[in-house]
Every structure is written in structure tokens, then in C-alpha cells.
Amino acid sequence: MNNIKVGIIISTYNNPEWLEKTLWGYMAQERKADEIIIADDGSRDDTRMLIERYAETLPIKHVWHEDDGFRKTKILNEALKVATADYIIFTDQDCVPRRDFIATHLRYARKGCFLSGGYFRLPMSISREMTHEDICQGRPFSIAWLRSRGLKLSFKCTKLVRCGFFSSFMNAVTPTKATWNGMNSSGWRHDLMAANGFDERMRYGGEDRELGERLFNTGIRSRQIRYSAIVIHLDHSRPYVNNEAWQLNNAIRKETRKKRLKRTEYGIDR
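Small disclaimer: the values here were computed from a predicted structure and weren't measured.

## A short note on the overall build of the protein chain
Item 1. When helices and strands are counted, the protein chain shows eleven helices and eight strands.
Item 2. Principal-axis analysis of the C-alpha atoms places the extent of the protein chain at approximately 50 × 45 × 45 Å.
Item 3. Counting over 270 residues, the protein chain shows a buried share of 55%.
Item 4. For the protein chain, the share of sequence-separated contacts (at least 6 apart) that also reach a separation of at least 24 residues comes to 83%.
Item 5. Total accessible area on the protein chain is roughly 12,600 Å²; 51% of this is exposed by carbon and sulfur atoms.
Item 6. Averaging the locations of the 45 positively and 34 negatively charged side chains of the protein chain gives two centres separated by 8 Å.

## Re the pairing of strand β6 (residues 113-121)
Item 1. Among the nine residues that make up β6, seven are buried, leaving the element largely enclosed by the rest of the structure.
Item 2. In this sheet, strand β8 (residues 221-233) lies alongside β6 in parallel orientation, the contact comprising nine bridges. The partner of G118 across the bridge, within β8, is I230.
Item 3. Direction of pairing for β6 relative to strand β7 (residues 184-188): antiparallel, over a ladder of two bridges. Note that in β7 the partner of S116 across the bridge is S185.

## Overview of the packing of aromatic side chains
Item 1. Counting across every chain of the model gives eight aromatic pairs.
Item 2. Summarising the aromatic geometry, the rings of F90 and W180 are spaced 5.5 Å apart at their centres and angled 65° between planes, so their arrangement reads as edge-to-face. In this pair, F90 is assigned in strand β4 (residues 87-92) and W180 in the loop between α8 (164-173) and β7, connecting sequence segments 90 residues apart. When sorted by exposure, F90 lands in the same class as W180, which is buried.
Item 3. Counting every residue linked through ring pairs, the aromatic cluster contains F90, F114, W180, F198 and F216.

## Brief notes about the pairing of strand β1 (residues 6-12)
Item 1. Within β1, seven of the seven residues are buried, which leaves the element mostly enclosed by the surrounding structure.
Item 2. Sheet topology places β1 next to strand β2 (residues 35-40); six bridges connect them, and they run parallel. Its bridge partner being in β2, I9 is matched across the sheet by I37.
Item 3. Running through helix α1 (residues 16-27), the crossover from β1 to the neighbouring parallel element β2 is right-handed.

## Concerning the sheet that holds β7
Item 1. Taken in spatial order, the eight strands make up an open sheet running β3-β2-β1-β4-β7-β6-β8-β5, and their pairing is mixed. The open sheet has two edge strands with one neighbour each: β3 (60-64) and β5 (95-97). Strand-to-strand, the axes of this sheet are offset by a mean angle of 30°, without reference to chain direction.
Item 2. Pairing of β1 with β4 involves six bridges; the strand directions are parallel. Across the sheet, S11 pairs through a bridge with D92, a residue of β4.
Item 3. Contacts from helix α2 (residues 45-54) reach β1, β2 and β3 within the one sheet, and its direction differs from that of β3 by about 160°.
Item 4. Across the face of the sheet, helix α4 (residues 101-108) comes into contact with β1, β4, β5, β6, β7 and β8 while running at roughly 175° to β8.

## A look at the pattern of salt bridges
One side chain can pair with another of opposite charge once the charged atoms of both are near each other.
Item 1. If you walk through the whole model with that rule in mind, you get 23 salt bridges.
Item 2. The partner of R139 in a salt bridge is E133, and the shortest N-O contact between them spans 3.2 Å.
Item 3. A relative accessible area of 48% means that E133 is categorised as partly exposed.
Item 4. For R263, the salt bridge goes to D269, with nearest N and O atoms at 3.7 Å.
Item 5. A relative accessible area of 40% means that R263 is categorised as partly exposed.

The rules behind each value
- Residues numbered from 1 in each chain as written.
- Predicted model: local features only at pLDDT ≥ 70, side-chain atom pairs only at ≥ 80, totals over all residues.
- Heavy atoms only, no water.
- Helix = DSSP H or I, 4+ residues; strand = E, 2+ residues; numbered from the N terminus.
- Buried < 20%, exposed > 50% of the residue type's maximum accessible area, 1.4 Å probe, protein only.
- Contact = heavy atoms within 4.5 Å.
- Areas by Shrake-Rupley, 256 points an atom, 1.4 Å probe, with all protein chains shown as cover.
- Lys, Arg positive; Asp, Glu negative; His and termini not counted.
- Charge placed at Lys NZ, Arg CZ, Asp CG, Glu CD.
- Pairing = 2+ DSSP bridges.
- Phe/Tyr/Trp six-rings, centres within 6.5 Å; stacked < 30°, edge-to-face > 60°.
- Right-handed = clockwise from strand over helix to strand, strands pointing away.
- Axes fitted to C-alpha atoms, helices over the stretch in contact; angles between N-to-C directions.
- Salt bridge = Lys/Arg side-chain N within 4 Å of Asp/Glu carboxyl O.

Right under this line is the structure:
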């Protein structure tokens, strides 16, 4: 896996403060990304200026289209078109990676398989408080550091335990199915292109998982690494959530499962 080029695709929309914290996480990676493609669903100029600044130190490509509502699937397909890496990790603007994030995805990567990572959600107070130094030093992934800032202990804190044996054990026993989750999943570019990318009809709500279901239909397996490949999920509102979008997406996913579709007609090549 040492010779494989790895790319990161980060979706973003009008939240440069959170995007910057996420980019700090990629600056601190043990294994650096060969390319970082920011899939921008129509953000304002403040996001563009932030990206231009960080493009001086990170291998960033900025893919943007005009704001016309929630069109994440379309901009992700545009990002896939310009990607050159063999292996691609997908995540979001509000997901700060632990320093071993890229290295862990590559360690578990196998032909004929995609990976489903995990996240630990933070409250708004700690999300705002985190500094560049905190992220570079890995403090937000420390249970002790989080507790000192008011976080209450829960079973979910076990995701932050960095221990190979414990993480592997928890990956194996977790009842959560390994699906394609947009905030933390990875796969081979040729598999994603063969599936024709994301279905551009879909809006918010399971739009990422539908791609995973098509990959399943081609015989691609999934592997659960939610306790090994971790991101900190920064808090935010979701004004784009609506019942109509959920109904549309559920209908599309139902058709994908019923017909065992391997490729969408509404993807990269339309």
C-alpha cells in the first residue's frame, strides 16, 4: 500500500470556520494526502479565500458550482472527475481527522472492499473552543481533555480509545452495519467510477448509503472500522432536512435494492 496515491474528498457549504479546523487535521496527519479535493456546493467567497490560503501548504483542488439548493451528490461527482488518486477517502467539512486517520484507512484497504469509519460528536461549546494547537496536538481525541471541558462520560467515548486490540475487537462486535457513510468512508476510485458515482437525484438523507448499496450489488464487500478510523464531528444545524427529500431518497434506495442496480443512470455520465 506504500505506493498507492490517496486522495481526500471533503464536501463543504458556507462554513469556513469548521472547514479550517478540518484542514488543520489534515496538516497534522502522520501519512499525508496526495491530493485533497474540496467539493464545494456553492459557498460564498469567504470559503474560496480560505481554500486559496491553505492551498499554499496542502495539495488542494477546489471544485465549485453555484448555489442551487442541496446538490451534494452532484458536486461530489465533479470532485470524482478531477480525482487522480487510486484510493479515495470521503468526509465532510465538519469532521476533524485524528492524526492516524489516513494511515488507518490505508492499513485496512483491500481490493474488492470499501471501509466504513466512525465519528465522535462534540457539543457546540467544545467545537468552537478547539484551536489550531489543540488539533495539531491531538487533544480533542483525549477523553481527559474533553472531560476537562465539561464533556460527560458515555459509552460512545470508547471510540476515542487508541488501542489496536481494543479497536479491532470493538469493530468486530459492534452491531452497526458497515455502510457507505459520507462523513467517513473510503474506497477504490475505479470501483466508484464503475458505479457511476453518486445518484444526483438524491437530496439530504441516505444519499451516501445508496452508493454503498450499489457497490454491494457488484460484489464489493464492506468492512467496519468505526473504532479505528475516527473523526471528531463538530456541531452544526441542519436547515436542509425535510420530509420530502427523505421520501424521494427512500424511494430511490428501494429501487436500487429491489432491482439490484450496480450503476446509476443519474451519476457522473448522464
